[in-house]
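One letter stands for each residue in the lines below.
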Amino acid sequence: MGSKLVILLFLLFVSWIPSPSSALDTDASLSVDASSGRKIPHTLFGIFFEEINHAGAGGLWAELVNNRGFEAGGPNTPSNIDPWTILGNQKYLIVSTDRSSCFERNKIALKMDVLCDHGSAANACPNGGVGISNPGFWGMNIEQGKTYKVVLFVRSPGPINVSVSLTGSNAKTLAASNIVALNVSKWTKIEVLLEAKATDHNSSLQLTTTRKGAIWFDQISVMPLDTYKGHGFRKDLFSMVQDMKPAFIRFPGGCFVEGSWLRSAVRWKETIGPWQERPGHFGDVWNYWTDDGMGHLEFLQLAEDLGALPVWVFNNGISHNDEVSTPNILPFVQEILDGLEFAKGDAKSTKWGSLRASLGHPEPFDLRYVAIGNEDCGKPNYLGNYLKFYAAINQSYPDVKMISNCDATSKPLDHPADLFDYHVYDNANALFSQSHKFDQISRSGPKVFASEYAVTGNDAGKGSLLAALGEAAFVIGVEKNSDVVQMASYAPLFVNTNDRTWSPDSIVFDSSRMYGTPSYWMQHFFRESNGATLLNSTLKTSSSNPIVASAISWKSSVDNKNYLRIKVVNFGSSTVALKISISGLKSIDSIGSKTVLTSNNVRDENSFNEPEKVVPFKTPLENVGENMNVVLTPHSLTAFDFSF
């Protein structure tokens with residue numbers, strides 16, 4: 001019998017004690033007053049997307065070619081073309097790079113000198129020809145029946161006959177087409193649609209020829225046609241994020257925004273416009289190249305597609321290792337004002353709003369929040385730079401709320417802000433204890449944005465139940481203090497399993513598969529909290545019972561009914577008998593539901609082999625009433641839902 005089924009049968013047996021006069025002694029009691037409470041901000045729970053762990057390049061962004069412009073090896077030639085490889089040896093082919101591209105912001109192009117010829121008996125090309133191959137991001141996921149758009153730029157002094165193919169890991173051709181052109185003496189854009197005849201999750205793109213001569217290639221792209229709404233997002237990963245019902249998305253970092261050095265910091269203007277003209281850049285904090293296909297416009301579009309508010313984190317002239325002095329910061333300030341105009345400006349009367357419209361989005365984006373830098377508080381130029389950004393943005397966009405890097409939970413800020421950033425990465429016990437972190441902080445002044453929280457280290461592994469429970473307690477504390485905490489998000493969101501620079505994460509994926517960690521599923525328990533009503537509740541328990549709880553009510557948009565949800569974390573290793581008393585309701589349905597996140601071992605993790613080892617499971621809850629005795633499984637997060 002499977003372990004999940006054993007747990008389910010056990011919980012069905014012990015989770016409900018129908019009689020208030022049961023002989024089982026209660027270990028704790030929870031009183032909920034459904035007649036009083038306060039509104040939770042609609043913005044409370046969202047997501048934080050950082051370009052880390054190949055979250056975008058090789059992840060949510062569906063581009064299949066890795067290093068599509070050959071720029072990852074740097075601006076000097078000859079350069080490293082990794083992960084491109086050569087098909088054929090130097091007897092038949094010499095591959096090099098030069099600076100002959102037609103694109104001014106990315107000058108590197110690849111040159112193939114083909115030494116063999118299809119018409120020569122003495123120097124014939126091998127079967128299949130010679131050329132170059134790209135494996136994508138640890139294999140391209142090519143699926144039978146789906147169509148892929150190949151775009152490339154090519155030039156040659158003579159006629160060309162190039163085979164473009166998607167090839168499986170067993171060298172089987174999944175889709176192919178020939179490019180035959182008599183005159184490509186100038187750079188020419190070629191587009192090919194390939195329909196896959198079979199499926200292989202570890203495929204590659206191959207460009208081969210049997211014709212002698214020189215051919216230059218640049219900006220080679222392979223995109224599946226079935227991205228979300230045609231916006232370029234990988235559908236399966238987008239769906240997993242959408243299922244979280246995020247109220248906001250903070251982007252694009254994180255340390256990715258800062259860079260180890262300013263030369264590698266994100267510059268939003270370099271990430272807009274036609275993809276082939278974007279220079280791309282090396283993210284020197286997380287150590288990989290991105291072509292910036294997922295740029296400023298795409299992040300804003302992602303927020304809109306998710307129905308989430310964008311929260312733009314921008315560089316404030318400070319990296320991990322160098323800074324711009326405050327007297328020299330004004331060009332950086334103007335850059336951000338231009339970025340706000342790009343997002344919010346009128347399509348006809350503003351320069352950057354007009355550019356946005358020309359790129360396909362005439363309506364302004366609903367950008368209400370910006371974060372002035374990331375984790376820069378205390379650096380020599382932070383305060384001076386911050387005040388310059390704050391004054392300029394406040395003058396031009398008084399409706400935009402600004403977020404300070406400085407933690408004001410222990411002492412007040414010495415500068416104006418609408419919100420301040422709070423980050424916490426620690427062990428599970430520490431996160432559990434932080435369920436009371438915000439109980440005593442000042443209710444006046446800027447609100448809290450807990451934009452990065454997670455259990456890390458040994459407790460977390462690659463995403464454990466233990467980590468999720470510690471985080472759940474912290475998040476319940478956020479919910480109960482949502483009068484002062486306005487926003488919160490787990491970090492990081494994504495990890496490509498082939499580049500696990502940071503662990504754990506919410507969603508793990510490779511070219512074709514994905515699963516949620518227990519922390520991902522923990523966040524589902526709070527999907528209905530945004531805009532709900534936090535009910536007054538009192539939990540009484542002994543110190544030996546490490547539990548935390550909260551209660552909310554909301555109106556479902558699905559069935560138009562009113563619901564009450566009680567969430568309880570049992571962080572301990574013992575079963576807890578909990579008495580629940582609810583007052584202030586005129587009536588309550590006799591049947592509810594119980595959803596539990598738990599497992600046999602508190603350190604259990606999900607994996608590609610067992611993607612649902614630790615996931616919530618839901619069971620009916622009968623004989624619901626104003627007074628109920630329930631049992632909390634050891635090491636569990638439980639939600640009790642009732643309609644009224």
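This text follows the structure it describes.
Quick summary incoming for the structure in this document. Source: prediction; values computed, not measured. (Residues numbered from 1 in each chain as written. Predicted model: local features only at pLDDT ≥ 70, side-chain atom pairs only at ≥ 80, totals over all residues. Heavy atoms only, no water.)

## Describing the overall build of the protein chain
So, point 1. A tally of regular secondary structure across the protein chain gives ten helices and 34 strands.
So, point 2. Whereas a compact globule of 644 residues would reach a radius of gyration of roughly 26 Å, the protein chain reaches 28 Å, a difference of no more than 12%.
So, point 3. Along the longest, intermediate and shortest principal axes, the C-alpha atoms of the protein chain span 95 × 65 × 40 Å.
So, point 4. Split into buried and exposed, the 644 residues of the protein chain put 59% on the buried side.
So, point 5. The contacts of the protein chain with a sequence gap of at least 6 include a subset with a gap of at least 24, amounting to 76%.
So, point 6. When the accessible surface of the protein chain is split by element, carbon and sulfur atoms take 49% of a total near 25500 Å².
So, point 7. Averaging the locations of the 55 positively and 64 negatively charged side chains of the protein chain gives two centres separated by 3 Å. (Helix = DSSP H or I, 4+ residues; strand = E, 2+ residues; numbered from the N terminus. Rg over C-alpha atoms; globule rule 2.2 N^0.38 Å. Buried < 20%, exposed > 50% of the residue type's maximum accessible area, 1.4 Å probe, protein only. Contact = heavy atoms within 4.5 Å. Areas by Shrake-Rupley, 256 points an atom, 1.4 Å probe, with all protein chains shown as cover. Lys, Arg positive; Asp, Glu negative; His and termini not counted. Charge placed at Lys NZ, Arg CZ, Asp CG, Glu CD.)

## Notes on the pattern of salt bridges
Side-chain pairing between opposite charges can occur once the charged atoms of the two side chains come close.
So, point 1. Taken as a whole, this structure holds 25 salt bridges when the rule is applied.
So, point 2. A salt bridge links Glu-528 to Lys-245, with the nearest nitrogen and oxygen atoms 2.9 Å apart. Of the two residues, Glu-528 is situated in the loop between helix H10 (518-524) and strand E27 (533-541) and Lys-245 in the loop between helix H2 (235-242) and strand E15 (248-251); the sequence distance between them amounts to 283 residues.
So, point 3. We classify Glu-528 as partly exposed; its relative accessible area is 21%. (Salt bridge = Lys/Arg side-chain N within 4 Å of Asp/Glu carboxyl O.)

## Details of the packing of helix H5 (residues 330-344) against helix H7 (residues 382-396)
So, point 1. Between H5 and H7, whose axes approach to 10 Å, the crossing angle comes to 35°. Like other packed secondary-structure pairs, H5 and H7 cross with a definite hand, here right-handed. Together, Phe-332, Val-333, Ile-336, Leu-337 and Leu-340 of H5 and Lys-388, Phe-389, Ala-392, Ile-393 and Ser-396 of H7 make up the contact between the two elements. (Axes fitted to C-alpha atoms, helices over the stretch in contact; angles between N-to-C directions. Left-handed = near helix turned anticlockwise from the far one by under 90°.)

## Observations concerning helix H6 (residues 351-358)
So, point 1. Those residues of H6 that fall on the buried side of the exposure criterion are Trp-352, Gly-353 and Arg-356. Viewed end-on, H6 has its buried residues packed into an arc of 105°, placing them on one side of the element. Exposed residues pointing more than 90 degrees away from the buried face of H6 are listed as Lys-351 and Ser-358.
So, point 2. For H6, the secondary structure elements touched by its buried residues are helix H4 (296-306) and H5.
So, point 3. Structurally, the start of H6 carries an N-cap: the backbone nitrogen of Gly-353 is 3.1 Å from a side-chain oxygen of Thr-350. (Arc of directions from axis to C-beta. Polar contact = N/O pair within 3.5 Å; in protein donor to acceptor, adjacent residues only side chain to side chain.)

## A word on the nonpolar core
So, point 1. Ile-393, Phe-474 and Phe-494 are the most contacted members of the largest nonpolar core, which totals 110 residues.
So, point 2. The dominant element in this core, judged by the number of residues it contributes, is helix H9 (residues 465-480), at eleven residues.
So, point 3. Contact partners of Phe-494, with chain neighbours within four places excluded, come to Phe-49, Ile-52, Asn-53, Ala-55, Leu-60, Leu-237, Val-241, Asp-505, Ile-507 and Phe-509.
So, point 4. Formed by 42 residues, the second largest nonpolar core is a distinct cluster that contains Ile-81, Leu-93, Val-150 and Ile-220. (Core = buried A, V, L, I, M, F, W, Y, C linked by side-chain atoms within 4.5 Å.)

## Section: the pairing of strand E9 (residues 147-156)
So, point 1. Across the ten residues that make up E9, a large majority, eight, are buried.
So, point 2. Note: E9 against strand E12 (residues 184-195), nine bridges, orientation antiparallel. Across the sheet, residue Val-154 finds its bridge partner in E12, namely Thr-188.
So, point 3. Here E9 pairs with strand E14 (residues 213-224) via seven bridges, running antiparallel. Considered in E14, the bridge of Val-150 is made with Val-222. (Pairing = 2+ DSSP bridges.)

## Focus: unusual backbone geometry
So, point 1. Cis geometry marks the peptide bond from Ala-491 to Pro-492, where omega comes out at -10°.
So, point 2. On the secondary structure map, Pro-492 appears in the loop between strand E23 (485-490) and strand E24 (494-496).
So, point 3. The omega torsion across Ser-503 and Pro-504 is 5°, close enough to zero to call that bond cis.
So, point 4. Position of Pro-504 relative to the elements: it lies in the loop between E24 and strand E25 (507-509).
So, point 5. Positive phi, close to 55°, is recorded for Asn-623, a residue that is not glycine.
So, point 6. Secondary-structure assignment places Asn-623 in the loop between strand E32 (617-621) and strand E33 (627-632).

## A look at H2
So, point 1. When we look at burial in H2, the residues that qualify are Leu-237, Phe-238, Met-240 and Val-241. Down the axis of H2, the sector holding all buried residues measures 160°, keeping them to one side.

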